[in-house]
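Residues per chain, in single letters:
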Amino acid sequence: MRAVVIREHGGLDRLFFEDVADPVPGPGQVRVALRATGLNHLDVWVRRGVPGHPYPLPLVPGCDGAGVVDAVGPGVASRKAGDRVCLAPGLSCGACRACASGKDHLCRWYGILGETRDGTCATHVVVPERNALALPASVSFEAGAAFPLVYLTAWHMLAERAALRPGETILVHAAGSGVSTASIQVARLLGAGRVLATTSTPEKAARARELGADEVIDYANDDVFARVRDLTGKAGVDVVVDHVGAATVATSLRCLAKGGRLVSCGATSGPEVRMFMNLVFFKSLSILGSTMGSLGEVHEVLAHVAAGRLSPVIDSVLPMSQVAEAHRRLEAREVFGKLVLVPGA
Ligand code: ZN
C-alpha cells in the first residue's frame, strides 16, 4: 500500500507518501481500502511532536477515514468485504469498567487512530471491526471521512459535558475550525436559542452565519467581551466552546452568564491560562474538560449525518500526495471546515 509515514517529528518536509507493506487484519480486525481521509489539527501535533508526549514512530497519521472493507481477519462477524464503512477514531480495550459502561473514551488504554497506532493517511488501514461503522449510501466517502472526530468532539462537549438545553445561548470561538463548524451545527440541533461565534475574516463570518450562527464577532478587531455583553443585554452566554486556550479562556469566563459552563477540548494557542477564581465562584461557573466521546456517540452522530441533520463542512478535497500543502493550510488557518485527502492520486 501507500502511506504517509512520519519517521521523525518536524516540518512539512517530514511528510512522505511512500510505498510500505500491506497491513494484514488480525483476529477481530478488518482492513479498509480508504476512499477518503479527513485531516485534523491532531495530525499537525503528531507531525510536529509534543514535548513530553512520545508518539510511536514511525507512524502513519490520520484519525478519520471512509472506504470499503477489502479483507477481514479471523472471527469477524459484523463486516464483510465490500461493505462501505466510515471509521470511529477511538480505540479502547473493550473490557475494562469504563468500556463496559459505554464510556470507552475514559478507558485507561484509550488511543486514537493516527496517534497511538497507524491511521488513515494511507490507501489502507486495519481497525477493530467495531470501529468500522456501516456508511449509508446517502453519505459520501468524503463526508464519511470529514465528520467522525470533530462531530464526536462537538457532540460530547455540548450534549454530554455542557448539557446544552433548548433555548440557551452559546458562544463558539474560532468558527472556521473543524470542531467549531461542528459545534455550531450541533448547538442548533440541540435547540440552542442563540449561537454567537467569533472569526477573523468577513468571508469566514459569512460562512459561519450560513451554518447557523446568529451573530458573528470579529475577534481580530472587536472587544469580544464587550460585544457579547451588548448582544446578550449584559446577561452573558450559558455555554462557551473554547479550544483556543491561552488566548481566550479569560475572556470566555467573563462572557459566561451566572451558572454558565466553559467546555474545552483543546488549547491551540497554548495550555497555560490565567483565570480569576472570583468569577468562577461568584457566577457559579463550571469548567469542563472534554476529549473525544464514546463509540456509541459516533453511532449517534452518524445517524444525524445520514438523516441530513448534521452536514460536515468540507473546505476542499486534495490528492493525498499533497498532504504537505494540506498541513500548511491547516497551520495557516486558511481553512473553513475540513480538508479531505483522497488516496490513489
Ligand atoms: Zn477499556
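Cut-offs applied
Residues numbered from 1 in each chain as written. Predicted model: local features only at pLDDT ≥ 70, side-chain atom pairs only at ≥ 80, totals over all residues. Heavy atoms only, no water. Buried < 20%, exposed > 50% of the residue type's maximum accessible area, 1.4 Å probe, protein only. Helix = DSSP H or I, 4+ residues; strand = E, 2+ residues; numbered from the N terminus. Pairing = 2+ DSSP bridges. Right-handed = clockwise from strand over helix to strand, strands pointing away. Donors = N, O, S within 2.8 Å, 3.2 Å for Na, K, Ca; no water. Tetrahedral: all angles 85-135°; square planar, octahedral: opposite > 155°, others 65-115°. Expected span 1.5 Å × (residues − 1). Contact = heavy atoms within 4.5 Å. Domains from an automatic or database assignment. Buried area = accessible area lost by both parts, 1.4 Å probe. Polar contact = N/O pair within 3.5 Å; in protein donor to acceptor, adjacent residues only side chain to side chain. Nonpolar A, V, L, I, M, F, W, Y, C, P; charged D, E, K, R; others polar.

Draft legend 1. View of the pairing of strand 13 (residues 237-242). The element strand 13 is largely enclosed, with a buried count of five among its six residues. In terms of strand pairing, strand 13 meets strand 14 (residues 256-264) through five bridges, oriented parallel. By the bridge assignment for strand 14, Asp242 is matched with Ser264. With respect to chirality, the unit in which strand 13 leads through helix 8 (residues 249-255) into the neighbouring parallel strand 14 is right-handed.

Draft legend 2. Molecular detail of the coordination of the zinc ion. Taken together, the protein donors to the zinc ion comprise Cys93 (SG), Cys96 (SG), Cys99 (SG) and Cys107 (SG), at separations of 2.3 to 2.4 Å. Metal-centred angles of 107 to 114 degrees between the four donor atoms at the zinc ion mark the site as tetrahedral. Written as a sequence motif, the donor residues of the zinc ion are C-x2-C-x2-C-x7-C. Considered together, Cys96 and Cys99 belong to a single accessibility category, that of buried residues.

Draft legend 3. Helix 4 (residues 148-161), seen in detail. The element helix 4 is extensively covered by neighbouring structure, given that 11 of its 14 residues are classed as buried. Among all positions of helix 4, only Pro148, Leu149, Val150, Tyr151, Leu152, Thr153, Ala154, Trp155, His156, Met157 and Leu158 are buried. A positive backbone phi angle near 45 degrees is found at Ala163, which sits one or two residues after helix 4.

Draft legend 4. Representation of helix 5 (residues 178-189) in the model. A rise of 1.5 Å per residue sets the reference length of helix 5, with its 12 residues, at 16 Å; its end C-alpha atoms lie 17 Å apart and thus fit the reference within 8%. With respect to burial, helix 5 is a largely interior element, 10 of its 12 residues being buried. For helix 5, the set of buried residues is Gly178, Val179, Ser180, Thr181, Ala182, Ser183, Ile184, Gln185, Val186 and Ala187. Among the structural elements, helix 4, strand 10 (169-172), strand 11 (194-199), helix 6 (202-211), strand 13 and strand 17 (338-342) are those in contact with the buried residues of helix 5. Following helix 5 by one or two positions, Gly191 has its phi on the positive side, about 90 degrees.

Draft legend 5. Examining the domain arrangement of the protein more closely. With domains assigned, the protein is organised as domain 1 (2-147 + 312-342) and domain 2 (151-289). Between domain 1 and domain 2, the C-alpha centre-to-centre distance is 28 Å. Together, the buried faces of domain 1 and domain 2 total about 1,100 Å²; carbon and sulfur atoms form 62% of this surface. Of all residues in domain 1, Val313, Arg333 and Phe336 bury the most surface against domain 2, accounting for 49% of the area lost on that side. Put simply, domain 1 and domain 2 have three residue pairs in polar contact (both at pLDDT 80 or more) between them. Classifying every residue of the side of domain 1 that touches domain 2 gives six nonpolar, two polar and two charged.

Draft legend 6. Focus on the side chain of Thr199. With respect to the element layout, Thr199 can be found in strand 11. By relative accessible area, Thr199 is classed as buried at 3%. Once residues lying within four places of it in the same chain are set aside, the contact partners of Thr199 are Ala175, Gly176, Lys204, Ala205, Val216, Ile217, Asp218, Tyr219 and Ala220.

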